[in-house]
Structures are given as C-alpha cells and as structure tokens.
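Here is what each chain is made of, one letter per residue.
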Amino acid sequence: MIAPFTYEALPMRVLFGAGSLDRLPAEVDRLGLDRVLVLCSPEQEDTGRQVAAALGSRAAGVLAEARMHVPVEVAHRAREVAAQLGADGCVTVGGGSAVGLGKAIALEHGLPIIAVPTTYAGSEMTPVWGLTEGGAKRTGRDLRVLPRAVVYDPALTLSLPAQLSATSGMNAVAHAVEGLYAPDATPIVSLMAEEGARALAAALPRVVADGQDVDARGEAQYGAWLCGAVLAATTMSLHHKLCHTLGGTLDLPHAQTHTVVLPHALAYNQPAAPGAVAALSRALGGVADPARALWELAGRLGAPRSLAELGMREDDVPRIAELAVASPYANPRPVTRDGVEFLLRAAWAGEEPSSP
Ligand code: NAD
C-alpha cells in the first residue's frame with residue numbers, strides 16, 4: 001500500500017553534463033542578469049576568475065572569501081561588496097561554502113543565484129541557509145535562497161582531491177539514507193534517494209582510482225544532484241543532527257564527520273526502517289547489511305572511519321550524546337542517550353557498525 005503523502009516540487013533548472021559550463025553566459029542572460037558577482041573559496045580563486053572571464057562584461061567581480069559554515073562577518077562583507085558593485089545576481093563556484101555565501105546575500109538582498117557546484121555536498125539543490133555567529137550556527141529555509149539554475153559540469157570536479165571526493169560523496173549518500181526513512185518521505189523522493197546512493201556507491205571507487213575519469217566524475221555528480229534534491233525535500237534525522245552537533249561543538253570537518261558517522265547512525269536505525277534497508281540493499285548491489293556495506297565502502301575509498309582520527313577526544317563522547325538528545329526530533333527509532341553514546345563510542349574508535 002502507498003501511504004498518503006504531500007509532495008511539493010521546487011522550482012529548479014538543472015543543466016548537466018561535461019561542457020555545460022559553456023552554457024553559463026546564456027543562462028545569466030536568460031535570467032536577465034548583467035552584473036553578477038562570482039563567489040568562491042580562496043583555494044578556488046583561479047577557477048572563479050576563469051568563470052568570470054568566460055562571463056566577460058556580465059561579471060561585476062570575484063569575491064574569493066567563502067568559508068565553511070558562512071561566518072556572519074564574511075556574509076556582511078559579501079553583502080557590502082555586492083551592493084558596492086551594483087551586482088544583480090551571484091554565480092557561486094565551489095562547494096557548500098560558496099553556495100552558502102551566495103545564499104547569505106540572497107537572504108538579505110534577494111539576488112538570484114546560479115550555482116556551479118564543484119563538490120558533492122548538495123547545498124545548491126536546497127532552500128536551506130546557514131550563518132555562524134559566536135560559534136553557533138543558525139539555519140533556516142527560505143525559497144529566496146534556492147538557486148534559480150544549477151550548472152553541473154563534471155570537468156570542474158576533476159581537481160577535487162581523492163580524499164575530499166570520497167568524503168564529499170559519502171556526505172551526499174547520507175542525504176539519501178536519511179531521506180529514505182524521513183517522516184516526510186514520498187515515493188518519488190525515495191526513487192531519487194535509491195538511485196543517488198547507487199550512482200555514488202558505483203562511481204566513488206572509480207573516482208578515487210582515477211580522479212581524471214570524466215565518466216566516473218559525471219556519475220558521481222549525477223548521484224550528488226539526486227541526493228541534494230532528497231535533502232531539500234525531506235527532514236533529516238539522527239545522522240544529520242549528530243553531525244551538526246559534532247561540527248558545531250567540536251569544529252570537526254563537515255564531510256569527514258558525515259563519512260565516519262553514517263554507518264553507525266544507519267546501523268542504529270536499520271531495525272526500525274525496513275523500507276530504507278531494502279532500498280539501500282538494492283542500491284549497494286544486493287548487500288544484506290547496508291550499514292556495514294557503507295563502512296566497508298569508506299574503507300575501500302581510504303576515507304576516515306573514526307572520530308578519533310578527526311581529532312575528537314574520547315571524553316567528549318558523553319557531552320555530545322547529551323547534546324544530541326537535548327531536543328526531540330523525528331527518527332525511525334527512538335533516540336536514547338545510551339543508544340547515542342553506544343554509536344558514538346563505536347564511531348570514535350572506528351569499529352564495525354552494530355545496533356545497540
Ligand atoms: P567546501 O565548499 O567548504 O569545500 C571544501 C574545500 O574544497 C574548499 O577549500 C574548496 O575550495 C575546495 N574545493 C571545492 N571544490 C573543489 C574542486 N573541484 N577542486 C579543488 N578544490 C575544491 O565544502 P563542502 O563539503 O562542499 O560544503 C560544506 C559546507 O556546506 C558546510 O558549511 C555545510 O554546512 C554546507 N552545506 C549546506 C547545505 C545546505 O543545504 N544549506 C547542504 C550541504 C552542505
């Protein structure tokens with residue numbers, strides 16, 4: 001039986017495929033923009049400048065100051081620069097940090113965003129913004145921050161190092177996993193989640209073996225697109241709450257933390273989420289235990305598998321467990337303090353995932 005559901009499509013235009021960056025100038029014209037500000041991280045300034053050069057007179061400037069979790073002072077500065085330059089839109093070139101900065105500007109000034117993603121984080125598909133002030137991150141949903149168009153060109157991901165490709169890809173798989181057992185899951189979103197997880201699990205070993213394999217890069221980016229759409233359409237549960245707490249409290253790196261925690265959070269939820277287990281079994285090639293399969297995949301990719309190697313101390317485990325259960329949220333299995341502490345200890349030590 002198909003359970004009743006509500007499905008709302010987000011207004012989103014996607015241009016996909018090797019060479020699609022060539023279509024960016026026409027996309028800027030299509031939105032009626034003629035002075036876009038190009039946003040990127042300092043490490044990707046060269047790429048940002050190349051994109052600006054391709055845009056010619058449509059580019060008002062490049063701001064290469066995007067940083068993880070959008071510090072509020074960086075957002076203020078970007079808003080000022082956009083206003084000074086008379087920008088009428090933003091083109092974000094990069095991962096979640098660049099998109100996040102574009103969203104911070106859109107939230108205040110309503111400037112439309114065209115996103116050119118270069119990681120697998122998926123922020124470009126969501127109307128979710130985040131701002132960090134005094135160590136605390138505020139997030140919210142607002143349709144004004146949803147990019148008007150997204151240009152996925154796998155050529156731009158060829159430079160993403162193997163380690164970051166692996167962890168960014170596992171970060172995307174986490175959106176699919178939690179979308180499959182989300183309280184607001186719908187049949188169409190579950191199809192995207194299963195296909196997104198399948199594409200990434202198939203592509204990531206090939207990407208790590210040869211970062212210049214454009215086919216593998218394309219399949220990974222296709223999976224990341226689907227997983228990002230799942231993130232936008234559903235409410236995330238235990239896994240994302242834990243990663244948010246670990247990142248916000250201990251400043252652990254975003255994609256790596258997702259990679260380590262995912263198999264353990266899934267092992268915790270598997271007994272209460274048979275539909276998600278069935279979909280993930282299919283997606284991962286007929287495996288009996290998806291949580292274990294994801295843990296093994298992380299190992300094959302050479303990705304981190306313990307919170308200890310990310311710099312967390314074992315005596316932080318009780319504090320994080322306490323924080324993670326402080327406010328209730330939907331999860332297929334009731335979230336208990338002891339249960340969370342059990343899974344965090346296993347994740348800290350890098351043990352095989354198991355259910356408490
Ligand atoms: P990121 O954007 O910070 O990028 C990580 C590093 O990789 C940066 O130094 C960047 O310059 C570099 N990089 C990116 N692409 C590269 C490439 N192709 N080649 C070489 N270097 C490259 O990291 P991320 O994981 O993409 O994004 C994480 C941030 O996004 C976090 O702040 C997270 O909270 C946010 N996020 C938000 C949403 C949302 O819906 N709002 C969704 C996912 C992630």
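We now turn to the structure provided with this report.

### What to know about the pairing of strand E6 (residues 128-133)
Bridge analysis of E6 against strand E7 (residues 136-141) gives six bridges, and the strand direction is antiparallel. Each bridged residue has a counterpart across the sheet, and for leucine 131 the counterpart in E7 is arginine 138. What sits between the antiparallel neighbours E6 and E7 is a turn of two residues, in which glycine 134 has the positive phi angle 55°.

### What to know about helix H2 (residues 45-55)
Three or more residues of H2 are buried, namely Gly48, Val51, Ala52 and Leu55. Across the axial projection of H2, the buried residues extend over an arc of 100°, all falling on one side. Exposed residues pointing more than 90 degrees away from the buried face of H2 are listed as Asp46, Gln50, Ala53 and Ala54. As for H2, its buried residues are in contact with helix H1 (24-30), strand E2 (36-39), strand E3 (59-63) and strand E4 (89-94). Following H2 by one or two positions, glycine 56 has its phi on the positive side, about 60°.

### Details of the site of the ligand
Looking at the ligand, there are 23 residues lining it, with Ser97, Thr118, Thr119, Thr126 and Ser159 nearest. A distance of 2.6 Å separates an oxygen atom of the ligand from a polar side-chain atom of threonine 126. In this structure, a nitrogen atom belonging to the ligand sits 2.8 Å away from a side-chain N or O atom of serine 159. For the ligand, the accessible surface in isolation is 870 Å², of which the surrounding protein chains cover 86%. A per-element tally of the shell around the ligand places helix H4 (residues 96-109) first, with three residues. Of the residues contributing to the shell around the ligand, the split by class is seven nonpolar, 13 polar and three charged.

### Some thoughts on the packing of aromatic side chains
Evaluated as defined, the whole model comprises two aromatic pairs. On the numbers, 6.1 Å between centres and 55° between planes, the contact of phenylalanine 16 with tyrosine 152 is tilted. Of this pair, phenylalanine 16 sits in strand E1 (residues 13-16) while tyrosine 152 sits in strand E8 (residues 149-152), placing them 136 residues apart in sequence. Residue tyrosine 152 is classed as buried on the basis of its relative accessible area, which comes to 0%. Between the aromatic rings of tyrosine 222 and tryptophan 225, the centroid separation amounts to 6.3 Å while the plane-to-plane angle is 55°, which identifies the pairing as tilted.

### So, the pattern of salt bridges
Opposite charge on two side chains makes pairing possible when the charged atoms of those side chains draw close. All chains considered together, the criterion is met by 20 salt bridges. Ionic pairing is found between glutamate 219 and arginine 206, a salt bridge with its closest N-O pair at 3.3 Å. Taken as a pair, glutamate 219 in helix H7 (residues 214-233) and arginine 206 in helix H6 (residues 187-209) lie far apart in primary sequence, 13 residues in all. For arginine 206, a relative accessible area of 35% translates into the label partly exposed. Across the pair aspartate 315 and arginine 313 runs a salt bridge, and its minimum N-O distance is 3.0 Å. A single burial state applies to aspartate 315 and to arginine 313, both of which are exposed. Because the salt bridges share partners, they merge into one network encompassing Glu195, Arg198, Arg206, Asp213 and Glu219.

### Some words on the environment of threonine 235
By secondary structure assignment, the location of threonine 235 is in the loop between H7 and helix H8 (238-250). For threonine 235 and glutamate 124, which are 111 residues apart along the polypeptide, the C-alpha to C-alpha distance reads 17 Å. Apart from the residues lying within four places of it in its own chain, the contact partners of threonine 235 are Ala182, Pro183 and Asp184. Side-chain polar atoms of threonine 235 contact the side chain of aspartate 184, separated by 2.6 Å.

### Regarding the sheet that holds E4
Spatial ordering of the open sheet is given by E1-E8-E5-E4-E2-E3, a layout of six strands whose pairing is parallel. Looking at the sheet topology across the chains shown, the edges are occupied by E1 and E3. Across the sheet, the mean angle separating the axes of adjacent strands is 15° when strand polarity is ignored. Sheet topology note: the E2/E3 ladder contains four bridges and is parallel. Among the inter-strand pairings, valine 38 is bridged to a residue of E3, identified as valine 62. Its contacts with the sheet place H2 against E2, E3 and E4, and it is angled at close to 180° to E3.

Quick notes on the rules
- Residues numbered from 1 in each chain as written.
- Predicted model: local features only at pLDDT ≥ 70, side-chain atom pairs only at ≥ 80, totals over all residues.
- Heavy atoms only, no water.
- Pairing = 2+ DSSP bridges.
- Helix = DSSP H or I, 4+ residues; strand = E, 2+ residues; numbered from the N terminus.
- Buried < 20%, exposed > 50% of the residue type's maximum accessible area, 1.4 Å probe, protein only.
- Arc of directions from axis to C-beta.
- Contact = heavy atoms within 4.5 Å.
- Near = heavy atom within 4 Å.
- Polar contact = N/O pair within 3.5 Å; in protein donor to acceptor, adjacent residues only side chain to side chain.
- Areas by Shrake-Rupley, 256 points an atom, 1.4 Å probe, with all protein chains shown as cover.
- Nonpolar A, V, L, I, M, F, W, Y, C, P; charged D, E, K, R; others polar.
- Phe/Tyr/Trp six-rings, centres within 6.5 Å; stacked < 30°, edge-to-face > 60°.
- Salt bridge = Lys/Arg side-chain N within 4 Å of Asp/Glu carboxyl O.
- Axes fitted to C-alpha atoms, helices over the stretch in contact; angles between N-to-C directions.

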